[in-house]
Amino acid sequence: MRIRSIIRLTLERGLGCLVFPLFLVVGKIGNIRFAHLRDERIGHLVGNTDLFGRRRILNSDKTQENIILISGYPCNETIINIMKRQLPIVKNRLLSHLYKLALPFMKKTNLIKSVQMNTNEYREFSEAGSYFTFTPDEENEGKRKLIDMGLKKDDWFVSFHARDSGYLADPSNSQGMDFSYHDFRNSRIENCYKGMETVVNRGGFALRTGSLVTQPLLDNKNSHIIDYATEYGSDFLDIYINANCKFFIGNTSGLFHIPKAFGTPYAMANLIGYLHISPQPNSLFIPKLICDKKSGEFIPFENLKKLGLFDRKTGVAAYRTKFYEEHGLEPIENTDYEIAELVEDMFDLTSGLEADSESMELQRLYKDIYYNEYPDRHDAGHLAPSFIKRHQTILFP
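The rules behind the values
Residues numbered from 1 in each chain as written. Predicted model: local features only at pLDDT ≥ 70, side-chain atom pairs only at ≥ 80, totals over all residues. Heavy atoms only, no water. Helix = DSSP H or I, 4+ residues; strand = E, 2+ residues; numbered from the N terminus. Rg over C-alpha atoms; globule rule 2.2 N^0.38 Å. Buried < 20%, exposed > 50% of the residue type's maximum accessible area, 1.4 Å probe, protein only. Areas by Shrake-Rupley, 256 points an atom, 1.4 Å probe, with all protein chains shown as cover. Lys, Arg positive; Asp, Glu negative; His and termini not counted. Charge placed at Lys NZ, Arg CZ, Asp CG, Glu CD. Axes fitted to C-alpha atoms, helices over the stretch in contact; angles between N-to-C directions. Parallel < 35°, antiparallel > 145°, perpendicular 65-115°, else oblique. Contact = heavy atoms within 4.5 Å. Expected span 1.5 Å × (residues − 1). Bend = angle between axes of the 7 residues up to and from the residue. Polar contact = N/O pair within 3.5 Å; in protein donor to acceptor, adjacent residues only side chain to side chain. Pairing = 2+ DSSP bridges. Phe/Tyr/Trp six-rings, centres within 6.5 Å; stacked < 30°, edge-to-face > 60°. Lys NZ or Arg CZ within 6 Å of the ring centre and 35° of its normal.

S.K.: Could you give an account of the overall build of the protein chain, naming the residues involved and the relevant values?
M.R.: Looking only at helices and strands, one finds 17 helices and twelve strands in the protein chain. Its C-alpha radius of gyration of 22 Å places the protein chain within 12% of the 21 Å reference for a compact globule of 397 residues. Considering the protein chain as a whole, with its 397 residues, one finds that 49% of them fall into the buried category. Of the accessible surface of the protein chain, which amounts to about 19300 Å², a share of 51% is contributed by carbon and sulfur atoms. Across the protein chain, 49 positive and 50 negative side-chain charges occur, with their mean positions spaced 8 Å apart.

S.K.: Account for the packing of helix 15 (residues 336-350) against helix 17 (residues 385-395), with residues named and values stated.
M.R.: Contact geometry of helix 15 with helix 17 gives a least axis separation of 8 Å together with a crossing angle of 140°. On the basis of their axis angle, the class for helix 15 and helix 17 is oblique. Across from Tyr-337, Glu-338, Glu-341, Leu-342 and Asp-345 in helix 15, the residues of helix 17 making contact are Pro-385, Ser-386, Phe-387, Arg-390 and His-391.

S.K.: Run through helix 4 (residues 93-106), naming residues and quoting values.
M.R.: With 14 residues, helix 4 extends 19 Å from end C-alpha to end C-alpha; this agrees with the ideal 20 Å at 1.5 Å per step. Along its length, helix 4 shows its largest kink, about 30°, at Lys-100, and proline Pro-104 lies within four residues downstream of that point. Residue Asn-92 occupies the N-cap position of helix 4, its side-chain oxygen lying 3.0 Å from the main-chain nitrogen of Leu-94.

S.K.: Which residues make up the sheet that holds strand 2 (residues 66-71), and what are the values?
M.R.: Strands in a sheet are paired, the pairing made by backbone hydrogen bonds, and the direction either parallel or antiparallel. Spatially, three strands are ordered 1-2-3 in an open sheet, and the strand pairing comes out parallel. Each edge of the sheet is formed by a strand with only one pairing partner; in this case those strands are strand 1 (32-36) and strand 3 (89-91). In this sheet, neighbouring strand axes are inclined to one another by 30° on average, regardless of whether the strands run parallel or antiparallel. Pairing between strand 1 and strand 2: five bridges, direction parallel. Across the sheet, residue Ile-32 finds its bridge partner in strand 2, namely Asn-66.

S.K.: Account for the pairing of strand 8 (residues 266-271), naming residues and giving values.
M.R.: Burial within strand 8 is extensive, with six of its six residues counted as buried. Summarising the sheet, strand 7 (residues 248-250) and strand 8 pair through three bridges and their orientation is parallel. In the strand pairing of strand 8, Phe-248 is matched with Tyr-266. Pairing of strand 8 with strand 9 (residues 283-287), which is carried by four bridges, proceeds in the parallel orientation. Residue Ala-267 lies in a different strand from strand 9, and its bridge partner there is Leu-284.

S.K.: Quick rundown of the sheet that holds strand 7? Include the residues and the values.
M.R.: Overall, parallel pairing links the seven strands, which are arranged 6-5-4-7-8-9-12 in an open sheet. Each having just a single partner strand, strand 6 (225-226) and strand 12 (382-383) make up the two edges of the open sheet. Two strands pair when backbone bridges link them, and strand 9 and strand 12 are joined in this way by two bridges, in the parallel orientation. Residue pairing for strand 12: Leu-284 is matched across the bridge by His-382.

S.K.: Describe the packing of aromatic side chains, with residues and values.
M.R.: For any pair of aromatic rings, the description rests on two quantities: the centre-to-centre distance and the angle between the ring planes. A full pass over the atoms with the stated rule returns 26 aromatic pairs. On the basis of an interplanar angle of 15° and a centroid distance of 5.0 Å, the ring pair of Phe-134 and Phe-262 is categorised as stacked. Residue Phe-134 is found in the loop between helix 5 (122-127) and helix 6 (136-148), and its partner Phe-262 is found in the loop between helix 12 (257-261) and strand 8; the two are separated by 128 residues along the sequence. Residue Phe-134 shares its accessibility class with Phe-262, and that shared class is buried. Ring geometry for Phe-301 and Phe-310: centres 6.0 Å apart, planes at 50°, overall tilted. Of the two residues examined, Phe-301 and Phe-310, each falls in the buried class. A cation over an aromatic ring shows up here: Arg-202 above the ring of Phe-347, its NZ or CZ 4.1 Å from the ring centre. Between Lys-246 and the ring centre of Trp-156, over which it is positioned, the NZ or CZ distance is 5.6 Å.

S.K.: An account of the side chain of Thr-78 is requested, with residue identities and associated values reported.
M.R.: Within the element layout of this structure, Thr-78 appears in helix 3 (residues 77-84). With a relative accessible area of 12%, Thr-78 lands in the buried category. Discounting residues that sit within four places of it in the chain, Thr-78 has contacts with Asp-235, Phe-236 and Ile-239.

Dropping the structure here:
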């Protein structure tokens, strides 16, 4: 097995050596740099690429680099086609393979452009507006398919998503890797039920979204609560629904990047780890609390800061399940009441109602205490007022 790996690596390096001059010549003649999109999962694909575009908008008055963004096997064809209308994306599997072969040699040059996202680019999402749109034909298709699901022409809906292990447990998505190391980010869709009922009681529909979920909505007899992820699901609707909802209730799974990219209001429940907060101004978030397994008590955030969970250097360790196990800690997912209150907060936000003055002051204080490393922190989304009221003694010193 080891010999086969050595032979394969040798062949790839040899081919890469032959391919590299092609990129070098094209890059020099056209003054072009290359980037390969992280297109294997929706969060990386949409989040990174959207950020690249917003940075181009903010730098539009400066000299623009000539950049080619390469995609080979995107996880969603619809969003790639939408992004291609605005960005210099070339979707070509052969070019993708050639790029990866030449990459070890290209790293030693200035041919490569990074399109990585650090998740703390708050200024970009505050100052540069969304720029992705649907064509009239796509809009008509989306509306027809919503009608097929039971909605009428003028009905509105809210999308709900709970991260589980279903998508990355599928071998075709995991690429042979074990992603259980961040199962601490998972949550149960059952805890969204009260929030869904809140939407229905206000006259809307609640759509459970996601891809390859581990279980359907159980005992759902409400025709206004639709398990889209289990009963429907399509490449196109995965984008259209989450871009066109009244607002989106998600978490730290990549699906929230879709409403963010289209400027749709959204909220992140069960936010964990703590190195970032919701980047878009018209958004809210509520974090998972962390329990001490021995005492059974929630740990004050002041103590979590002392443990390094908010520090850019040490906090990375808390993005692994192992960290919590070694420290005798347990992240606790948000309750159904907390998520239902978050939904109410989102109705206030989308109606233009400001939080009360005390909550607004504490929203700023939260960022100043725990995210003081980020100068643009006040451009980001806000801690939900209802969560502040419930857990003020845990959140603040």
